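Below are the chains, spelled out letter by letter.
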Amino acid sequence: MKLIPRDVPPRSAWSLEQAGVPPLLARLFAARGIRTPEELDDAPARLLPPDALKGCTEAAVLLADALQQGLRICIVADYDCDGATACATGLRGLRMLGAAPEQIGYVVPDRALHGYGLTPPIVEMVRARGADVLVTVDNGMASHEAVNIARALGMKVLITDHHLPVIDAQGQVSLPEADVIVNPNQPGCPCPSKAMVGVGVMFYVLLALRAELRRRGAFEAAQQPRIDALLDLVALGTIADVGRLDDNNRRLVSLGLKRIRAGRMQPGIAALFATANRDPAKATSQDFGFALGPRINAAGRLAEMGLGIECLLTDDAARAQALARQLDAINRERRDMESGMREQAELMLEAVMPQDEPPAALALFDPDFHEGVVGIVASRLKDRLHRPTFVFARGQDGLLKGSGRSIPGFHLRDALDLIGKRHPGLLVKFGGHAMAAGCTIEASGFDTFRDELQRVAEAGIEPALLARQLSTDGPLAPEWFTAEAVAQMDAAVWGPGFDAPVFSEEVEVLGQRLVGERHLKLSLRVQGTVRDGIWFGRTEPLPARAQLAYRVSLDEFQGRQRVQVVVEGMAD
């Protein structure tokens, strides 16, 4: 691993300090591109306006007409946390804006039975519920056939999504013929926040709908429903879906965290915090990514995402607690299954890495792999080997369902598009983003897919990108090894594109021992002071001196707090 210190523009850091930002945070923010205090302002008024999204105004008119005409609206959700939070946001928002309970509903695909997104069988389910308007959240951009069927059945179709559109055989963008599409990544959309996730798009549609209803005289401006009450859901979905924290996403997450810390959250969010043994008064973006998000996602992986959506929808605290406990149990099962699959994958790696050097890209399949967990295993292997990785499982229809994760510099969805063009018919379907994508193939095509993925990666990834690199914030001065400094860092919003602080320096290793058979407990001399440390998932001993990358956290034991070094990596 190569540790690369971030550049800290001194003028920017000074400007932030002069505006009252604590010195350590000023340095960290400046290193992440923040130039002025205004960029840290998370006031709702600084959010992008709804009309920045192409189609948002038209979507508001469509939904306002439906509400005022008493039409039935059905949301088609996705089976991950973004889809669940987007669905809950949409339903709660429509209720706030005047929809009767019997006027709105939702369906969510079963991962094993229906696959991803809006499909003809899902359209039939929606129609069977008597819906007049079909609204997708976090899906729909690739659902050409299903959209045509829905419209032929007389339904209005509104797609709200953030995934990249399909590119046809002629290299042209192909959009479904929906009545309205709202997606920052559709052609011609001027919205600068291309990283907005599905729940963010739905939130903006609701803002536009409120404005349209206000224009029609449904309520006075002073009495309009507070759509910002849904920002806890928006924050959870944005972080759980690994949305890049551009200025707008960072503000959405920050506003959601403020509500949660103040105790203003949906009962389901509060129940998930309690089940995860996290304190909402000290909520961080890491809680969304590592505690709440996985529990919601587990329902879509191993059970039925309706559990997660109902947890986020209910206003009954007792029911929310019961549903959160169910989600927690499913998540424990998911962890056990993931552990077994990772062990099997590690054994398989020995066959493809005889010299202990991985190929440019990996694709693994085992008949015993579970379709709902392949994405997590792909992510873990990608992190360990620093290679684009696909992991496949056999679906109930006999096809192989693959989930992939990539490294910076290799666009996974574009790689799939190229593979599909080189081998027509190999990919039954595919979609995704630069860093995460999925595809379905015939079982007989796995070897071809694996070999072609490696060829595309070998041609498309510069050798320097295959070397693991970690950007760091340099040494942490002794005066910042305090509970107050750690709390200040924890309170900020961190995530993709605005990475959490990681420091680096040479340390002396005074002691090391294994704990829990999988983690290395350390005693380190850091700038002359002995510090406790831990390296999770590391079993190999460290040398007497090492250049370590680390973060700091508060370790609480018997009512006392200590600052602990949590090692993230070591320079080669």
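**Q** Help me understand the overall build of the protein in this model?
**A** For the protein, the helix and strand inventory stands at 18 helices and 19 strands. Taken over C-alpha atoms, the radius of gyration comes to 24 Å for the protein, in line with the 25 Å a tight globule of 572 residues would show. Overall, the C-alpha framework of the protein stretches about 75 × 60 × 45 Å when taken along its three principal axes. Pairs at least 24 residues apart make up 65% of the contacts formed inside the protein by residues separated by at least 6 positions. Carbon and sulfur atoms make up 50% of the accessible area of the protein, which totals about 24,200 Å². Averaged over its 63 positive side-chain charges, the protein has a centre that lies 3 Å from the centre of its 72 negative ones.

**Q** Looking at this structure, I do not really get the packing of helix H8 (residues 198-215) against helix H9 (residues 231-240). What am I missing?
**A** For the pair H8 and H9, interaxial distance at closest approach is 8 Å and the crossing angle is 150 degrees. By the angle between their directions, the pair H8 and H9 is classed as roughly antiparallel. Of H9, the residues touching H8 (which contributes Val 199, Gly 200 and Phe 203) are Leu 231, Leu 233, Val 234, Gly 237 and Thr 238. Grouping the constituent residues of the contact of H8 with H9 by class yields 5 nonpolar, 3 polar and no charged.

**Q** What's the story with helix H15 (residues 374-385) in this structure? I'm lost.
**A** For an α-helix, the turn length of 3.6 residues means that residues three or four places apart are oriented alike. Over its 12 residues, H15 extends 16 Å from the first C-alpha to the last, a length consistent with the 16 Å expected when each residue adds 1.5 Å. Among the 12 residues of H15, 9 are classified as buried, and the element is accordingly described as predominantly covered. Looking only at H15, the buried set comprises Val 374, Gly 375, Ile 376, Val 377, Ala 378, Ser 379, Leu 381, Lys 382 and Leu 385. Buried positions along H15 lie against helix H12 (285-302), helix H14 (317-352), strand S9 (362-365), strand S10 (389-394) and strand S11 (400-405). His 386 sits one or two residues past H15 and shows a positive phi near 55 degrees.

**Q** Help me out: how do you make sense of the sheet that holds strand S5 (residues 156-160) in this one?
**A** The strands making up a sheet associate through hydrogen bonds between their backbones, and the pairing can be parallel or antiparallel. What the 5 strands build is an open sheet, ordered S3-S2-S4-S5-S8; its pairing is parallel. Each of the sheet's edge strands pairs with one partner strand only, and the pair in question is strand S3 (104-107) and strand S8 (180-182). If you compare each strand with its neighbour and ignore which way they point, the axes differ by 20 degrees on average. Pairing geometry for strand S2 (residues 73-76) and strand S4 (residues 133-137), over 4 bridges, is parallel. Paired with Ile 75 across the two strands is Val 135, which belongs to S4. Relative to S3, helix H4 (residues 81-96) is tilted by about 170 degrees, and along the sheet it contacts S2, S3 and S4.

**Q** Could you clarify how one ought to interpret the pairing of S2 in this entry?
**A** Of the two faces of S2, both are covered, the one formed by Ile 73 and Ile 75 as well as the one formed by Cys 74 and Val 76. With 4 bridges joining them, S2 and S3 adopt parallel strand pairing. Each residue of the ladder has a partner; that of Cys 74, found in S3, is Gly 105. Where the polypeptide runs from S2 across H4 and back to S3, its parallel neighbour, the crossover connection is right-handed.

**Q** Before we go on, may I ask you to explain the state of the cysteines in this structure?
**A** A covalent bond between the sulfur atoms of two cysteines is what we call a disulfide. Summed over the entire model, instances satisfying the criterion amount to 0 disulfides. For the unlinked cysteine Cys 81, the closest cysteine sulfur is that of Cys 311, found at 11 Å. Judged by its relative accessible area of 1%, Cys 81 falls in the buried class.

**Q** Please explain unusual backbone geometry as it appears in this structure.
**A** Phi at His 386 is positive, roughly 55 degrees, even though this residue is not glycine. Locating His 386 in the fold gives a position in the loop between H15 and S10. Despite not being glycine, Gln 527 shows a phi value in the positive range, around 50 degrees. Note on placement: Gln 527 falls in the loop between strand S16 (519-526) and strand S17 (529-535).

Conventions we followed
Once a new chain begins, its residue numbering starts again from 1 and follows that chain's sequence as written. Selection of residues for local features in this predicted model requires a pLDDT of at least 70, selection of side-chain atom pairs for listing and counting requires 80 or more, and totals for whole chains, interfaces and linings are taken over all residues. Heavy atoms from the whole structure form the basis of all side-chain values; hydrogens and water molecules are not counted. Only DSSP runs of H or I covering at least 4 residues are called helices, and only runs of E covering at least 2 are called strands; the numbering of each starts at the N terminus. In this treatment the radius of gyration is a C-alpha quantity, and the globule benchmark scales as 2.2 Å times the residue count to the 0.38 power. In what follows, a contact means two residues having at least one pair of non-hydrogen atoms within 4.5 Å. For accessible areas, the Shrake-Rupley method is used with a probe of radius 1.4 Å. Any residue's cover is judged against the shown protein chains and nothing else. A positive count includes Lys and Arg, and a negative count includes Asp and Glu. His and the chain ends are not counted in either. Every charge is mapped onto a representative atom, which is NZ of Lys, CZ of Arg, CG of Asp or CD of Glu. Here, axes are lines fitted to C-alpha atoms. For helices the fit covers the stretch in contact, and angles between N-to-C directions go from 0 to 180 degrees. Roughly parallel means an angle under 35 degrees; roughly antiparallel means over 145; roughly perpendicular covers 65 to 115; every other angle is labelled oblique. Under this grouping Gly is polar, as are all residues other than the nonpolar Ala, Val, Leu, Ile, Met, Phe, Trp, Tyr, Cys and Pro and the charged Asp, Glu, Lys and Arg. Multiplying 1.5 Å by the residue count of a helix minus one yields the expected span of that helix. Burial classes: relative accessible area under 20% of the type maximum marks a residue as buried, over 50% as exposed, and values in between as partly exposed (1.4 Å probe, protein chains only). When DSSP finds at least two bridges between two strands, those strands are taken to pair. With strands facing away from the observer, any crossover in which the path from the first strand over the helix to the second runs clockwise is taken as right-handed. The term disulfide is used for any two cysteine sulfur atoms that are within 2.5 Å.

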